[in-house]
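# Results of the structural survey
Residue-level listing of the chains:
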Amino acid sequence: MNFSFDNSYARELEGLYVPWKAAEVPQPKLIRLNHALAEEMGLDATALDSPEGAQLFSGNKLPDGTATIALAYAGHQFGGFSPQLGDGRALLLGEVIDRQGKRRDIAFKGSGRTPFSRGGDGKAALGPVLREYLIGEAMHALGIPTTRALAAVTTGEFVRRERNLPGAVLTRVAASHIRVGSFQFVAARGDEPLLKKLADYVIDRHYPEIKAAEKPYFGLLRALSERQAALIARWMNVGFIHGVMNTDNMTLSGETIDYGPCAFMDRYDPKTVFSSIDEYGRYAYMNQPPIANWNLARFAEALLPLLTAEAGGDQDRAVEEAMVILGDFQSCYEGHWLAGMRAKLGLAREEDGDFALAQDFLAGMEGQGVDFTQAFRRLADAAEAADASREGWLRQLYADDKKLDAWLPRWRARINAEAADPAQRAQAMLAVNPVYIPRNHKVEEALDAAVELGNYAPFEQLLAVLQQPFSEKPEWAAYAEPAAAETSAGYRTFCGT
Ligand code: AMP
Ligand code: MG
């Protein structure tokens, strides 16, 4: 099996990784190979979906010449800075150029201890591996930039958590694994030549269009801000809560990374937090845009020596210019968010009152036990008629639909002022408002069956549903329903460690 690796990171960024090998595991078994992704990557899916594939994706038998490395990075975790985190349970196998000519990393997660493991065992448990697989594929199908799972294997050994759990290794594909924390790692060591190398590398790999700019490092700060603003807007549009937006979990590529305690919001509540370790709600749903902005400020700080050079050696001026860019984040984010909301609400044109119209729809859901995902689906149904005759199904979601009384006529006047025919508008709304998201109880059900019984049927079924989030099928009705309020009220997620 030949991957034709071309390892630019290892070649160009010495000092940002250590060569390291995966731990041997006793009995690797391939649980799932992502055929579609393997094809995209130009890999031989049929050959990989085999016992040899299991040996490979467990790290036991790698193709000749594979030079695995553990990446170094730092990061602010819940606001506190750690100058050295790094791949404590991950390894980069290498980079492959996919069929579209895009360079992509292939990496393990759960492949054993590395010099960055600190107190950890370097392993991953099956549940979190399957969870990352499911949510990554769901995000991809929703059209949201994300890392993806290429394969999941069980290792045949147990890992010690609160109790013994089956061990597993995830193989992950990413546009790259460079994070804001990668820059912080270099900045904390005061290694300016390496900082410049890293920034130039990122520009080459992810932002080639700014290479020729007069001030490419300011350009990089702005480009990343814009990409992250777009990404977070997409999260907010589907009710995704990442749960651990530390700076080491923010990529330079603009892909969503590290599906640990993430989950989708069910009942609309901007303060929703699922992660058990997020005691103060730092990473609550509504905090995601300002936290992204905060992370970008940490990125700007790490870049400061390069920015200062571009400001003619004047650090104060560099800070001032960086602040302007950081200050633009909110309006950039709102622009993306509103574009997404217009589509969700069935608005083709742009009008001044749209922001308020969108916000008021959400405000009306608050405290009413309204399922966020279902509300937009049912609004699409209401749009099928030019009058109020189809609005009853949406109203049923509300404990008290008084706020809708005021809102629906505003929305209807707004859409009726556009030319589109109601059926077409409703179709367009159904194409952007998912019917299937990874429902927390469905995810848990699939993970439990796999972990407790070795039964992967619920996982496979859920995966199939999540890969087609917009096409409603009668036999999948149960996947469109939220859990009963009693079940979902205290729902907690745990870090994938
Ligand atoms: P994460 O929560 O996955 O973003 O991980 C944060 C940091 O903890 C990273 O440096 C990880 O490599 C490290 N880490 C998480 N789990 C483990 C583990 N079981 N063993 C070693 N390091 C870990
Ligand atoms: Mg991480």
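This is a predicted model, so every value here is computed, not measured. (Residues numbered from 1 in each chain as written. Chains lettered and ligands numbered in written order. Predicted model: local features only at pLDDT ≥ 70, side-chain atom pairs only at ≥ 80, totals over all residues. Heavy atoms only, no water.)

Between any two of four tetrahedral donors, the ideal angle at the metal is 109.5 degrees; between two of six octahedral donors, it is 90 or 180 degrees. Around the magnesium ion (ligand 2), the protein supplies Asn249 (OD1) and Asp258 (OD) as donor atoms, at distances of 1.8 to 2.1 Å. Among the residues examined, Asn249 registers a relative accessible area of 11% and is labelled buried. Under the relative-accessibility criterion, Asp258 is labelled buried at 15%. (Donors = N, O, S within 2.8 Å, 3.2 Å for Na, K, Ca; no water. Buried < 20%, exposed > 50% of the residue type's maximum accessible area, 1.4 Å probe, protein only.)

Lining the immediate environment of ligand 1, one finds 18 residues, of which Gly86, Gly88, Arg89, Gly122 and Asp258 sit closest. Contact between ligand 1 and Asp121: a nitrogen atom at 3.1 Å from a side-chain N or O atom of the residue. Gly122 is positioned with one of its backbone polar atoms (N or O) 2.8 Å from a nitrogen atom of ligand 1. Protein contacts shield 87% of the accessible area of ligand 1, which totals 480 Å² for the unbound molecule. Partitioning the shell around ligand 1 into residue classes produces two nonpolar, eight polar and eight charged. Taken domain by domain, the makeup of the shell around ligand 1 includes at least three residues from each of domain 1 (8-177) and domain 2 (181-336). (Near = heavy atom within 4 Å. Polar contact = N/O pair within 3.5 Å; in protein donor to acceptor, adjacent residues only side chain to side chain. Areas by Shrake-Rupley, 256 points an atom, 1.4 Å probe, with all protein chains shown as cover. Nonpolar A, V, L, I, M, F, W, Y, C, P; charged D, E, K, R; others polar. Domains from an automatic or database assignment.)

Turning our eyes to something else, we now look at the packing of aromatic side chains. Counted under the stated rule, the structure contains 19 aromatic pairs. Centroid distance Phe240 to Phe264: 5.5 Å. Interplanar angle 65°. Geometry classified as edge-to-face. Here the residue Phe240 occupies a position in strand β11 (residues 240-241), and Phe264 occupies one in strand β12 (residues 263-264), the gap between them amounting to 24 residues. Of the two residues, Phe240 and Phe264, neither departs from the other in class, the shared state being buried. (Phe/Tyr/Trp six-rings, centres within 6.5 Å; stacked < 30°, edge-to-face > 60°. Helix = DSSP H or I, 4+ residues; strand = E, 2+ residues; numbered from the N terminus.)

Now for the domain arrangement of the protein. Entries for the protein in the domain assignment read domain 1 (8-177) and domain 2 (181-336). The C-alpha centroid of domain 2 is placed 23 Å from the C-alpha centroid of domain 1. Contacts between the two partners involve 40 residues from domain 1 and, on the opposite side, 40 residues from domain 2. Taken together, both faces of the contact between domain 1 and domain 2 bury some 3,300 Å²; the carbon and sulfur share is 60%. If you sort the residues of domain 1 by the area they bury against domain 2, Leu16, His76 and Phe78 come out on top, with a joint share of 20%. Our enumeration of links across domain 1 and domain 2 arrives at four salt bridges. Linking Asp258 and Arg172 is a salt bridge whose minimum nitrogen-to-oxygen distance equals 2.8 Å. For the pair domain 1 and domain 2, the interface holds 21 residue pairs in polar contact (both at pLDDT 80 or more). Residue assignment for the side of domain 1 that touches domain 2 shows that the elements contributing at least two residues are α1 (8-12), β4 (75-77), β7 (103-109), α5 (126-141) and β10 (164-174). The element best represented in the side of domain 1 that touches domain 2 is α5, accounting for five residues. Its residues assigned to classes, the side of domain 1 that touches domain 2 comprises 17 nonpolar, 13 polar and 10 charged. (Contact = heavy atoms within 4.5 Å. Buried area = accessible area lost by both parts, 1.4 Å probe. Salt bridge = Lys/Arg side-chain N within 4 Å of Asp/Glu carboxyl O.)

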